[in-house]
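# Analysis of the macromolecular model
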Amino acid sequence: MKKKLLTLTIVAECILLPIAQAEDYPSKPITWIVPFAAGGPTDSLARMMADRISRELGQSIVIENTPGAGGTIGATRAARAKPDGYTMLVGHFGYMAAAPSLYANLRYDPVKNFNGVFRFPDTPMVLLVNGQSPYNSLQDFLSSARAEPGRLNVAHAGVGSASHLTAALFAQKAGIDIQGVPYRGGGQALTDVMGGQADAIFDQANTVMALVGSDKIRPLAQTSPTRSKQFPDLPTVAEAGIPGFEAQTWYGLYAPSGTPQSAIRRSFKAYQNALADPAFQESLFKQGLQSLPDQEYPGEALEKHTRSEIEKWNSVIRKAGIQPQS
Ligand code: ASP
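These notes cover the structure that comes with them. None of the values given here were measured: they were computed from a predicted structure. (Residues numbered from 1 in each chain as written. Predicted model: local features only at pLDDT ≥ 70, side-chain atom pairs only at ≥ 80, totals over all residues. Heavy atoms only, no water.)

## Let's talk about the pattern of salt bridges
Inspection of the entire model under this criterion finds 11 salt bridges. Two residues, Asp 51 and Arg 55, come together in a salt bridge whose shortest N-O distance is 3.9 Å. You can see Asp 51 and its partner Arg 55 sitting in helix H2 (residues 41-57), four residues apart, about one turn around the helix. Given the relative accessible area of 45%, Asp 51 is considered partly exposed. For the salt bridge of Asp 122 with Arg 119, the shortest nitrogen-to-oxygen distance reads 3.1 Å. Taking relative accessible area as the criterion, Asp 122 reaches 9% and is therefore assigned buried. (Salt bridge = Lys/Arg side-chain N within 4 Å of Asp/Glu carboxyl O. Helix = DSSP H or I, 4+ residues; strand = E, 2+ residues; numbered from the N terminus. Buried < 20%, exposed > 50% of the residue type's maximum accessible area, 1.4 Å probe, protein only.)

## With respect to the environment of Met 96
Mapped onto the elements, Met 96 comes out in helix H4 (residues 93-102). Of the residues examined, Met 96 reaches a relative accessible area of 0% and is grouped as buried. Considering only alpha carbons, one finds Met 96 and Tyr 251, 155 residues apart in sequence, at a separation of 9.2 Å. Apart from residues no more than four positions distant in its own chain, Met 96 is found in contact with Leu 89, Gly 91, Tyr 108, Pro 110, Phe 114, Trp 250, Tyr 254, Thr 306 and Ile 310. (Contact = heavy atoms within 4.5 Å.)

## Quick look at the site of the ligand
Residues in contact with the ligand amount to 13 residues; listed here are only the nearest, Thr 42, His 92, Ala 162, Ser 163 and Gly 186. The separation between an oxygen atom of the ligand and a polar side-chain atom of His 92 is 2.9 Å. Within the contact set of the ligand, an oxygen atom lies 2.6 Å away from a backbone nitrogen or oxygen of Ala 162. Compared with its free state, where it exposes 270 Å², the ligand has 99% of that area covered by protein. Counting residues per element, the ones that place at least two in the shell around the ligand are H2 and helix H6 (162-174). Among the residues making up the shell around the ligand, the classes are represented as five nonpolar, eight polar and no charged. (Near = heavy atom within 4 Å. Polar contact = N/O pair within 3.5 Å; in protein donor to acceptor, adjacent residues only side chain to side chain. Areas by Shrake-Rupley, 256 points an atom, 1.4 Å probe, with all protein chains shown as cover. Nonpolar A, V, L, I, M, F, W, Y, C, P; charged D, E, K, R; others polar.)

## Section: the packing of aromatic side chains
To describe a pair of aromatic rings, you give the distance between the ring centres and the angle between the ring planes. Under the defined criterion, the tally for this structure stands at 13 aromatic pairs. Note on Phe 114 and Tyr 254: the rings are 6.0 Å apart at their centroids and 75° apart in plane angle, and the pair reads as edge-to-face. Of this pair, Phe 114 sits in strand S4 (residues 114-119) while Tyr 254 sits in strand S11 (residues 251-256); the two residues are 140 residues apart in sequence, bridging distant segments of the chain. Of the two residues, Phe 114 and Tyr 254, neither departs from the other in class, the shared state being buried. The rings of Trp 32, Phe 118, Phe 120, Tyr 251 and Tyr 271 are connected pair by pair, giving a single aromatic cluster. Across the ring face of Tyr 86, the terminal group of Lys 28 is positioned such that the distance to the ring centre comes to 4.7 Å. It is Arg 52 that lies over the ring of Phe 280; its NZ or CZ is 5.9 Å from the centre. (Phe/Tyr/Trp six-rings, centres within 6.5 Å; stacked < 30°, edge-to-face > 60°. Lys NZ or Arg CZ within 6 Å of the ring centre and 35° of its normal.)

Have a look at this one:
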């Protein structure tokens, strides 16, 4: 009888423990690693998400900027963090999908070392030049690039960043030769484009939105396959001269592998609640973000997406002839 009681107690504890953990989480502040400098698109997107999700979780989310090497330094730090749900990575297609084909000695595996938590709404990219630039259209830009191969400078946030990969894909499809200028984040890269030190940048819609209409920048084209609702008058790159061109940035929240499912589920639930709020949807729209292809997003869907993007970028990078960095 005593043995039976003991067994029942153990069974009850096994059932109750994960529930208790789920209810306890989060019991202290959470860190989200952002692998680019403060003030860029990843940083501002992460801060906006963190602000809303932390209210759902009842705990603060601290943004830790760990820039360098196109996001791979921050991703390495996240892969090695304690998998307890209190350190997560804001990941994008560069360092979570393209990096394995771009870096010969990558110190993390985006599939093996991470669990997916949820995917953020997608963000299109926009080709921008300085407000005083001589280029008024994509055609102007292309003509100049063709007339003087290698002269135009395109700023980007490091090898494997979204801005770098989009520019590389663009140059490949347009058959032009442009010079990439690497920075530690999109914020500084954009500042230099506005200051005239670089000719152009493919930046993310969420940083562009705040500047549209100012005389500091001039958008030439958007990279999504069709015009986004936020930029109805701006031609797509495909419409403006490079048929079939398409590039979007996707983001996801990742946890180091081994993170308790209870923490992942709780974070995902907080995200779902935030997305259901019309005021939050409105602020996403104002930031240029596009709704998710699928609103039911448990972490496995993000992991599946990551795996298919790794294959896609592997073939893009090979075709573009981009050499892996050591
Ligand atoms: N995510 C941007 C890029 O890859 C950089 C940034 O967020 O600062 O180009």
